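Residue strings, one per chain:
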Amino acid sequence: KAGVTQTPRYLIKTRGQQVTLSCSPISGHRSVSWYQQTPGQGLQFLFEYFSETQRNKGNFPGRFSGRQFSNSRSEMNVSTLELGDSALYLCASSLDSYAYEQYFGPGTRLTVT
Amino acid sequence: AQTVTQSQPEMSVQEAETVTLSCTYDTSESDYYLFWYKQPPSRQMILVIRQEAYKQQNATENRFSVNFQKAAKSFSLKISDSQLGDAAMYFCAYRSAVTGANNLFFGTGTRLTVIP
């Protein structure tokens, strides 16, 4: 069974631009969570999607948004990029919203210049 | 809010020796899950071991075992017979079993170096 895939793996954007990251969960998994990893703040939860609905949201500004499609694939969008948005963005999938095991993708490294 | 603390930013161990990584957490919840994740230089997070708070027996996965002390809110990871491939960042994580929220709270990580 294929693991969690994330595209693109690396991305360079300019301040003020917007960006969309994609995550395809493990086949059969319906819950997708997103995390931001930075040297200063560590790993922080962004949001979780299950059955195309956002179930939980972390403490991030409204510039960070996401969605989930009927095939469970998820995208996250960051508008009006700031230098501080430079991070590794990790996606994790689980069987459903109550399954406690999450499987992570390789991440997307976003650099904002 | 739940907090997870890893007080050892860096640890090193000789190959084939045993090392213990520490983790403490703070929560008012009675039911939760605890995890250790490994993040090698490839950056992909890999689940090493999990522990359900309601289980008194410590979890074990091959060379990895935990010492779960619920009253002390302590959750340490022991790696036996350390191998070069064990070198990585190790993160302790907490997940509530009460709220139904499927988000993990992570510690700041411990960088493990394995010395040949």
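Whatever comes next refers back to the structure up there.
Residues numbered from 1 in each chain as written. Chains lettered and ligands numbered in written order. Predicted model: local features only at pLDDT ≥ 70, side-chain atom pairs only at ≥ 80, totals over all residues. Heavy atoms only, no water.

### Topic: the overall build of chain A
For clarity, the cut-off: By the criteria applied, helices consist of DSSP H or I runs no shorter than four residues and strands consist of E runs no shorter than two, each listed in order from the N terminus. The globule rule used for comparison is 2.2 Å times the number of residues to the exponent 0.38, while the radius of gyration itself is calculated over C-alpha atoms. Think of it in three bands: residues with accessible area under 20% of the maximum for their type are buried, residues over 50% are exposed, and the middle band is partly exposed, with areas taken using a 1.4 Å probe on protein chains only. The accessible surface values rely on the Shrake-Rupley method and a 1.4 Å probe; as for residues, cover is taken only from the protein chains in view. Only four residue types enter the charge count: Lys and Arg as positive, Asp and Glu as negative, with His and the chain ends excluded. Charge positions come from single atoms, namely NZ of Lys, CZ of Arg, CG of Asp or CD of Glu.
Check the secondary structure of chain A and you find zero helices and eleven strands. The N-to-C order of helical and strand elements in chain A reads β-β-β-β-β-β-β-β-β-β-β. Taken over the C-alpha trace, chain A has a radius of gyration of 13 Å; the compact-globule value for 113 residues is 13 Å, and the two agree within 12%. Taken over the C-alpha atoms alone, chain A extends approximately 35 × 25 × 25 Å along its principal axes. Counting across all 113 residues of chain A, residues that qualify as buried make up 52%. Surface exposure of chain A reaches about 5,200 Å², of which carbon and sulfur atoms provide 48%. Between the mean site of the 11 positive side-chain charges and the mean site of the 7 negative ones, chain A shows a separation of 6 Å.

### Observations concerning the pattern of salt bridges
A side chain with one charge can pair with a side chain of the opposite charge if their charged atoms come near. How we decide: Basic side-chain nitrogens of Lys or Arg form a salt bridge, by our definition, when they fall within 4 Å of a carboxyl oxygen of Asp or Glu.
Counted under the stated rule, the structure contains ten salt bridges over all chains. Residue R50 of chain B pairs with E52 of chain B through a salt bridge whose shortest N-O separation is 3.6 Å. Here E52 of chain B falls in the buried class, since its relative accessible area comes to 7%. Connected through salt bridges with shared partners, the residues E101 of chain A together with R50, E52 and K55 of chain B form a single ionic network.

### Overview of the environment of G100 of chain B
All names here are of chain B. Structurally, the position occupied by G100 is in the loop between β10 (88-96) and β11 (105-106). Here G100 falls in the buried class, since its relative accessible area comes to 12%. Sequence separation between G100 and Y32 is 68 residues, and the spatial gap between their C-alpha atoms is 10.0 Å.

### A closer look at the state of the cysteines
Put simply, the test is: Count a disulfide wherever a pair of cysteine sulfur atoms falls within 2.5 Å.
According to the stated counting rule, one finds two disulfides over all chains in the structure shown. Two residues share a disulfide in this structure: C23 of chain A and C91 of chain A, whose sulfurs sit 1.7 Å from each other. In this structure the cystine formed by C23 of chain A and C91 of chain A twists about its S-S bond by roughly -50 degrees; its chirality is therefore left-handed. Here the residue C23 of chain A occupies a position in strand β3 (residues 19-24), and C91 of chain A occupies one in strand β9 (residues 87-94), the gap between them amounting to 68 residues. Each member of the pair C23 of chain A and C91 of chain A is classed as buried. Across the disulfide from C23 of chain B sits C92 of chain B; the S-S distance is 2.0 Å. Between C23 of chain B and C92 of chain B the sulfur-sulfur dihedral comes to about -70 degrees; the bridge is accordingly left-handed.

### Section: the nonpolar core
Generally speaking, nonpolar side chains in soluble globular proteins are found buried as a group. Heads up, the condition is: By nonpolar core is meant a set of buried Ala, Val, Leu, Ile, Met, Phe, Trp, Tyr and Cys residues that side-chain atoms within 4.5 Å join together. Should any heavy atoms of two residues lie within 4.5 Å, those residues are considered in contact.
Counting residues in each nonpolar core, the largest one holds 25 residues, and the members touching the most others are Y25, W36, F75, L77 and Y90 of chain B. For this core, the secondary-structure elements that each account for two or more residues are β3 (19-21), β5 (32-39), β6 (46-52), β8 (64-69), β9 (74-79), β10 and β12 (110-115) of chain B. The element contributing the most residues to this core is β10 of chain B, with four residues. Those residues within four positions of L77 of chain B in sequence are excluded, and the remaining contacts are V19, T20, L21, W36, I49, F64, S65, V66 and Y90 of chain B. Among the nonpolar cores identified, the runner-up in size contains 21 residues, and V4, I26, L46 and Y89 of chain A belong to it.

### Topic: the interface of chain B and chain A
A common way to report how large an interface is uses the accessible area buried once the components associate. Note the threshold: Buried area adds together the accessible area that both of two parts lose upon being put together, with accessible area traced by a 1.4 Å probe. In protein, a polar contact means a hydrogen-donor-capable atom and an acceptor-capable atom, both N or O and within 3.5 Å, with residues adjacent in sequence counting only if both atoms are side-chain atoms; elsewhere, any N or O pair within 3.5 Å suffices.
Between chain B and chain A, the contact holds 19 residues from the first and 24 residues from the second. Here chain B meets chain A over a buried area of about 1,800 Å², counting both sides, of which 50% is carbon and sulfur. Counting across the interface, chain B meets chain A through one salt bridge. The salt bridge involving R50 of chain B is made with E101 of chain A; its shortest N-O contact spans 2.0 Å. Here chain B is connected to chain A by nine residue pairs in polar contact (both at pLDDT 80 or more).

### Details of the packing of aromatic side chains
Inclusion rule: Each Phe, Tyr or Trp ring, with Trp reduced to its six-membered ring, pairs with another whose centre is within 6.5 Å; inter-plane angles below 30 degrees give stacked pairs, above 60 give edge-to-face pairs, and intermediate values give tilted ones.
All chains considered together, the criterion is met by 16 aromatic pairs over all chains. Seen from their ring centres, Y35 of chain A and F45 of chain A are 5.7 Å apart, and the 65 degrees between their planes marks the pair as edge-to-face. Taken together, the residues Y35 of chain A in strand β4 (residues 31-38) and F45 of chain A in strand β5 (residues 42-50) connect sequence positions ten residues apart. Grouping residues by exposure puts Y35 of chain A and F45 of chain A together as buried. Within the aromatic cluster, the residues linked to one another by ring pairs are Y35, F45 and F104 of chain A together with F35, Y37, F91 and F106 of chain B.

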